[in-house]
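Given next are the chains, with one letter for each unit.
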Amino acid sequence: MNFPSSALRSRIERHIVLIIPLVASLIFLNQIYRQHAHDLSVWKGGGMGMFAALDRPRSSRFVKIYITDSDNIRMPVIAYDELTYRIQVEPSEKNLDRLLSKIVNTPWRYSHQRTPILERQKDGSHIVLGYTPKPTPWGRNELIDMSSIDIEYGQIYFDVDTKLLEGKLIKERHYEFSK
Amino acid sequence: MNSVNNFFNNMNSKLEPVFNTIEEHLSKWTHLELVSMLTLILLIFHGFVTENFDYPVQLFFLVAVFYRPALSNSFAWGVVAIMASYEVMNFWHHTANHKFLTAYWTWTLCISHWCQSEQHKERNLMISARFLIMLTMAGACIQKLISSSYMDGSFFEITLLTLPSFEFLLQLIGVDASLPDFTKSAMADLRSASTVVAQSAISIPIDATFSLVAMAITVWNLVIQFVLEILCFCRSDRFQLIFHWLFLFFIQTTYIAAPFVGFGFLICIWCYTISAKRFPRMSYLYLASLLMIVVYQSPWRQVLF
């Protein structure tokens, strides 16, 4: 009576070895697909692509967010957010729309702090061009009367011939508040 | 050729007592037990994203130290594998590729311990270890070949300057000490929403020698991974020996220059797994490599430079 079940178990034991290669291959192929369809970073997603491309999410990809108020002051939003990081990993249209929706629906306020707007010089030093109010989602300060929101996603490229490091804008989102 | 043979024979006879001592100690473990213990050590030192994973693994390790049969418990490995998979899936945006491989490996151990037949246990372990080595090498080669920034050398030119792990290498090749900071600040300014950069472009003063070194590393990295992949396919003793010597060379040269310890540890375990029965003495070198990878993490570079 034991024979059929032990034979079955033996058969399972012989074939179960295929599971890991199958799952690992599917995840690898999914990474390759998403890399081409949604620009998923080579460094993430189980595609064995570490040290294969200059697209590390935190160092070579960027998401810039700006809020423009009713006085036409364009304020950069400097805050780390998981959703922002996810866009750096996989800048899909869906992720960008989610971030835009989150920012649009956040009641932004002026904080006590100000953001210095810098200009980089050729030698790597900076000069201060001016200061803008720093928007914050926290506190009880005055609410910002927002006129528009801009999100810019881009990537840093390096040209080996000219030795130029370039930040290229790849995707944008713009939202106008109706008055 | 004779002098090379003589050298190896001499070395072999001198190291005989060392090999015998290692053999004697390792004979107290079964192959699967030792691989399981090494994996558990890897999981303790280089686990996953959250601390939720650490406590059960530490507990498992302590139990296994005092009660070795626990190492062969497929249920315990199943729990570890489920937690590892949860960590990978839930935090995949943050998870490095070698953590995926670690999760696959924990499942391999779970399945191997679940098998009743010794033959199936061993077969499962060997096939999975060999497959994961081949997937890693093939995946790395494919990604490099289809990448827009690898083959032209731009990847290593910038990565060498911006990853702290390569500081030692930069000192070794005599790169201007201010260049890495200049490049990092250029990257930060291009990413910043509050910094204006003229034409969104910054010139990096890289000289021809550095570009040449970066290109040499680019080519070396691709070629060695490609050759390892090909050799892994060839199953004859001669090719397998070449594969192991080359892999050991790859491990030592890679991790002495840039200590990415978690992945190094994992590939040493896989290579130990596939070499232990066929080339026992070669497999000891992988165990020694595990120790060396840990030693490479010490601040010896800062002492030298």
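Residues numbered from 1 in each chain as written. Chains lettered and ligands numbered in written order. Predicted model: local features only at pLDDT ≥ 70, side-chain atom pairs only at ≥ 80, totals over all residues.

## Digging into the overall build of chain A
And step 1. Within chain A, the secondary structure is distributed over five helices and six strands.
And step 2. Its C-alpha atoms give chain A a radius of gyration of 24 Å, more than 25% over the compact-globule value 16 Å for 179 residues.
And step 3. Each principal axis of the C-alpha atoms in chain A carries an extent, and together these give about 85 × 45 × 25 Å.
And step 4. In chain A, which comprises 179 residues, the share counted as buried stands at 32%.
And step 5. Within chain A, contacts between residues separated by at least 24 positions form 51% of all contacts whose residues are at least 6 apart in sequence. (Helix = DSSP H or I, 4+ residues; strand = E, 2+ residues; numbered from the N terminus. Rg over C-alpha atoms; globule rule 2.2 N^0.38 Å. Buried ≥ 20, exposed ≤ 12 C-beta atoms within 10 Å, placed from the backbone. Contact = placed C-beta atoms within 7 Å.)

## Some points on the environment of F250 of chain B
Residue and element names in this part refer to chain B.
And step 1. Note on placement: F250 falls in helix α11 (residues 237-257).
And step 2. Separated by 25 residues in sequence, F250 and Q225 have C-alpha atoms that sit 8.7 Å apart.
And step 3. When neighbours within four sequence positions are excluded, F250 is seen to be in contact with I224 and L228.

## Some details on the sheet that holds strand β3 (residues 109-120) of chain A
And step 1. Pairing is mixed in the open sheet, where three strands are placed in the order β4(A)-β3(A)-β1(B). Only two strands of the sheet have a single neighbouring strand rather than two, namely β4 (126-136) of chain A together with β1 (195-196) of chain B. (Pairing = 2+ DSSP bridges.)

## Here's the deal with the interface of chain A and chain B
And step 1. Taken together, the contact pairs 48 residues of chain A with 53 residues of chain B.
And step 2. When residues of the side of chain A that touches chain B are traced back to their parent elements, those giving at least two are α1 (2-15), α2 (19-38), β1 (61-69), α4 (82-89), β3, β5 (146-159) and β6 (164-176) of chain A.
And step 3. Broken down by element, the side of chain A that touches chain B gets its largest block of residues, six residues, from β3 of chain A.
And step 4. A class-by-class count of the residues in the side of chain A that touches chain B yields 29 nonpolar, nine polar and ten charged.
And step 5. Bridge analysis of β6 of chain A against strand β2 (residues 201-203) of chain B gives three bridges, and the strand direction is antiparallel. Looking at the pairing, L164 of chain A lines up with S203 of chain B of β2 of chain B. (Nonpolar A, V, L, I, M, F, W, Y, C, P; charged D, E, K, R; others polar.)

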